[in-house]
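Chain residues, written in single-letter form:
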Amino acid sequence: MAQAPVHASLVQSIDIFRDLSLEQSREIAEKMTFLNCDAGQMIVTRKDQNRAVFFVVSGTVRVTSFANNGRESSYNDKAAGDIFGELAAIDGSPRVADVVAVSRTTLLSMSARDFTALLEDNFVVNVKVMQLLVREVRAMTQRVYEFAALGVASRIHKRVFELIQEAAVGKNSVTLTDFPKHLDIASRVTTTREAVTRELSRLSNLGLLKKTTEGIFVPDVSKFKEILHDHQGELSVLDSDAD
């Protein structure tokens, strides 16, 4: 059964293609195919020899690694408009991480050959990809720095505050209706689920968080930030940014 053609509007929904003309988007669409993934489905695996590049149309995927003992360390999530798999396409090396669908996800895929040819032929896309890679390097540098400089509790604090900032734009109180599982936070900050549970309980006892039927309620975002600055001691990481 032949696959449905990829429409140019879907190409333009991807961040690195937003500035392209309709005609350019149509040409790129001809080199793409659809891939639908169920939640929990592994899309690529570490050391995989496949070099295809993927573009997220809808849903969310997680870039992660699983140790031999099954312990997971997650790097980041990719949502609609994002791209993953470009490293293997660019340098021809095996995959360095696993990517798993967090939710029902629709992807577009492109062969490594077509992707690298696109980078050679289209300066705008080339620059967008370079900017993307720079952001990834900055983010990973920050993660390494935090792991070396911060204790477990401070890394948990920082991750929780990142979630609060994402949800509390312009507000001083917020309910996190989609709060991650403790294991997901643990894999993100490289610790154990038990450590996350203990620290969230301590934050609750301090009155900074409250579990409700709707999610995790943060009554005073400013107070949360102020107290975390005071309690961390090691570094003021809540406003930190990689150079």
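The rules behind these values
- Residues numbered from 1 in each chain as written.
- Predicted model: local features only at pLDDT ≥ 70, side-chain atom pairs only at ≥ 80, totals over all residues.
- Heavy atoms only, no water.
- Buried < 20%, exposed > 50% of the residue type's maximum accessible area, 1.4 Å probe, protein only.
- Helix = DSSP H or I, 4+ residues; strand = E, 2+ residues; numbered from the N terminus.
- Contact = heavy atoms within 4.5 Å.
- Pairing = 2+ DSSP bridges.
- Phe/Tyr/Trp six-rings, centres within 6.5 Å; stacked < 30°, edge-to-face > 60°.
- Core = buried A, V, L, I, M, F, W, Y, C linked by side-chain atoms within 4.5 Å.
- pLDDT = per-residue confidence, 0-100.
- Axes fitted to C-alpha atoms, helices over the stretch in contact; angles between N-to-C directions.
- Parallel < 35°, antiparallel > 145°, perpendicular 65-115°, else oblique.
- Left-handed = near helix turned anticlockwise from the far one by under 90°.
- Nonpolar A, V, L, I, M, F, W, Y, C, P; charged D, E, K, R; others polar.

A short note on helix α7 (residues 182–189)
Listed as buried for α7 are I185, A186, S187, R188 and V189. Where α7 is buried, its residues contact β5 (72–78), α5 (123–149), α6 (152–167) and α8 (193–205). Remark: T190 follows α7 within two positions and exhibits a positive phi of approximately 60°.

Considering the pairing of strand β3 (residues 53–58)
On a regular strand, one side chain projects to one face of the sheet and the next to the other, so that they alternate. Across the six residues of β3, five count as buried, placing the element largely inside the fold. Bridging between β3 and strand β8 (residues 105–110) involves five bridges; their strand directions are antiparallel. Each bridged residue has a counterpart across the sheet, and for F55 the counterpart in β8 is L108.

Describing the packing of aromatic side chains
Evaluated as defined, the whole model comprises three aromatic pairs. On the numbers, 5.5 Å between centres and 45° between planes, the contact of F17 with F55 is tilted. Here F55 lies in strand β3 and F17 lies in the loop between α1 (8–12) and α2 (22–29), a separation of 38 residues in the sequence. Judged by centre distance (5.2 Å) and plane angle (15°), the rings of F54 and F84 are stacked.

Considering the nonpolar core
Among the nonpolar cores identified, the biggest contains 23 residues, and I16, F17, I28, M32, F55, F115 and V125 are the most heavily contacted of them. When residues in this core are grouped by element, the largest group, four residues, is from helix α4 (residues 112–121). If we skip the residues at most four places from it in the chain, F17 touches V11, Q12, I28, M32, F55, L118 and V125. Core analysis: the second largest hydrophobic core is formed by 22 residues, L176, A186, L209 and F224 among them.

A short note on unusual backbone geometry
Not every positive phi belongs to a glycine, and K47 is a case in point at roughly 75°. Locating K47 in the fold gives a position in the loop between β2 (42–44) and β3.

Considering the confidence of the model for the protein chain
Caution applies to low-pLDDT regions: their predicted coordinates should not be interpreted in detail. Per-residue confidence for the protein chain gives a mean pLDDT of 89, with 92% of residues at or over 70. At the level of individual helices and strands, the protein chain shows its lowest average pLDDT in helix α9 (residues 221–232), which scores 74, and its highest in β3, which scores 98.

Examining the packing of α6 against α8
A pair of packed helices is characterised by two quantities: the angle between their axes and the separation of those axes. In the contact formed by α6 and α8, the axes pass within 10 Å of each other and the chain directions differ by 70°. Classified by the interaxial angle, the pair formed by α6 and α8 is roughly perpendicular. At the point where α6 passes α8, the crossing takes the right-handed sense. Every residue of α8 that contacts α6 at V152, A153, I156, H157 and V160 is listed here: A195, V196, E199, L200, R202 and L203. Each residue belonging to the contact of α6 with α8 can be placed in one class, and the counts come to eight nonpolar, one polar and two charged.

Some points on the sheet that holds strand β1 (residues 32–37)
In space, the four strands of this open sheet follow the order β1-β8-β3-β6, with antiparallel pairing throughout. The open sheet has two edge strands with one neighbour each: β1 and β6 (83–84). Sheet strands in contact with α4 are β3, β6 and β8, and its direction is about 70° off that of β8.

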